[in-house]
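Notes for the structure review
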Amino acid sequence: VYRVLQEGKAILAHAVGSGKTFEIVAATMELRRLGLARKVMVVVKNSTLGQWQPAFQRLYPGSKALVISSKDLGKGRRERVLAKVATGLYDAIVIPHSTFWRIPVSDALFGEFLNRELAELETYLTEATQEAAEPRRDPTVKELEKAKKRLEAKIENRAKREQKDKAGLTWEELGVDFLFVDESQAFKALFFPTKMQRVSGLSTSESDRAFDMYIKTQELLRRNRDRGVVFATGTPLTN
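Now for a look at the structure at hand.

About the criteria used
- Residues numbered from 1 in each chain as written.
- Predicted model: local features only at pLDDT ≥ 70, side-chain atom pairs only at ≥ 80, totals over all residues.
- Heavy atoms only, no water.
- Salt bridge = Lys/Arg side-chain N within 4 Å of Asp/Glu carboxyl O.
- Helix = DSSP H or I, 4+ residues; strand = E, 2+ residues; numbered from the N terminus.
- Buried < 20%, exposed > 50% of the residue type's maximum accessible area, 1.4 Å probe, protein only.
- Polar contact = N/O pair within 3.5 Å; in protein donor to acceptor, adjacent residues only side chain to side chain.
- Core = buried A, V, L, I, M, F, W, Y, C linked by side-chain atoms within 4.5 Å.

This structure, assessed with the given rule, holds ten salt bridges. The salt bridge partner of E7 is R3, with a shortest N-O separation of 3.8 Å. Of this pair, E7 and R3 both sit in helix α1 (residues 2–7), four residues apart, which is roughly one turn of that helix. One salt bridge in this structure joins K216 and D212, with 3.0 Å as the shortest N-O distance. With K216 and D212 both in helix α9 (residues 208–223) and four residues apart, the pair spans about one turn of that helix. For K216, a relative accessible area of 0% translates into the label buried. Residue D212 is classed as buried on the basis of its relative accessible area, which comes to 11%. Three or more residues are tied together by salt bridges with common partners; here these are E112, R116 and R222.

Structure, rendered in structure tokens:
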């Protein structure tokens, strides 16, 4: 808890059952008490959502936590619930993984991150093409070309969606300045541009969930002077 307060970033990588929930609750309440955070969001596994309100009440009986279920961001409800998050005064906003993913980022923010990755990928592709003896047959060049096409498709799909989904506030407009992510291993397999291919353990798949988390956490850190993100997991490393 002290590390979270001092550094503003941490990973709670303790074994299952060692108290990560209480660490998050205590850190949240102390951040609020000391004025180090104004709006704290806690992203939790769907199956554990019901445990968090009792945990806050047990450790801090006077606490006020808003627990949002997957139904709350359903059709016709999202605008009202996100407005409640943006304007309400709560010690914590507790939200399940699947619901957090449904909070949109602005098209400008999405495009900024994707275009940055695309530019980096194009640089690697140019270098790999120049280095390859037979570029058309080179496996690295082929993989980079496939990755480039996938990124371009994401940008195109986002542009098509832009006019269809304007409901509710975006992630940036909610004003969250501290984010705890429990069971954060659920957001692994983040794609990133690289010339290295076919390396054991290197993710070649593109997890949309991981990319969404990456955009939101990077935006928060940039806005909040490199503070405000804490991950918690009992399995920080997997085979």
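Picking up after the structure, the text goes on.
This brings us to the side chain of E219. Within the secondary structure, E219 is located in helix α9. In terms of polar contacts, E219 uses its side chain to reach the side chain of W171, at 3.1 Å.

The next subject is the nonpolar core. Counting 40 residues, the largest nonpolar core has M41, F100, I103, W171 and L179 as the members making the most contacts within it. Contributions of two or more residues to this core are made by β2 (40–44), α4 (78–87), β4 (92–96), α6 (107–131), α7 (139–161), α8 (171–174), β5 (178–182) and α9. No other element matches α6, which puts eight residues into this core. Membership of the second largest hydrophobic core comes to 24 residues, among which are L5, A37, A65 and V230.

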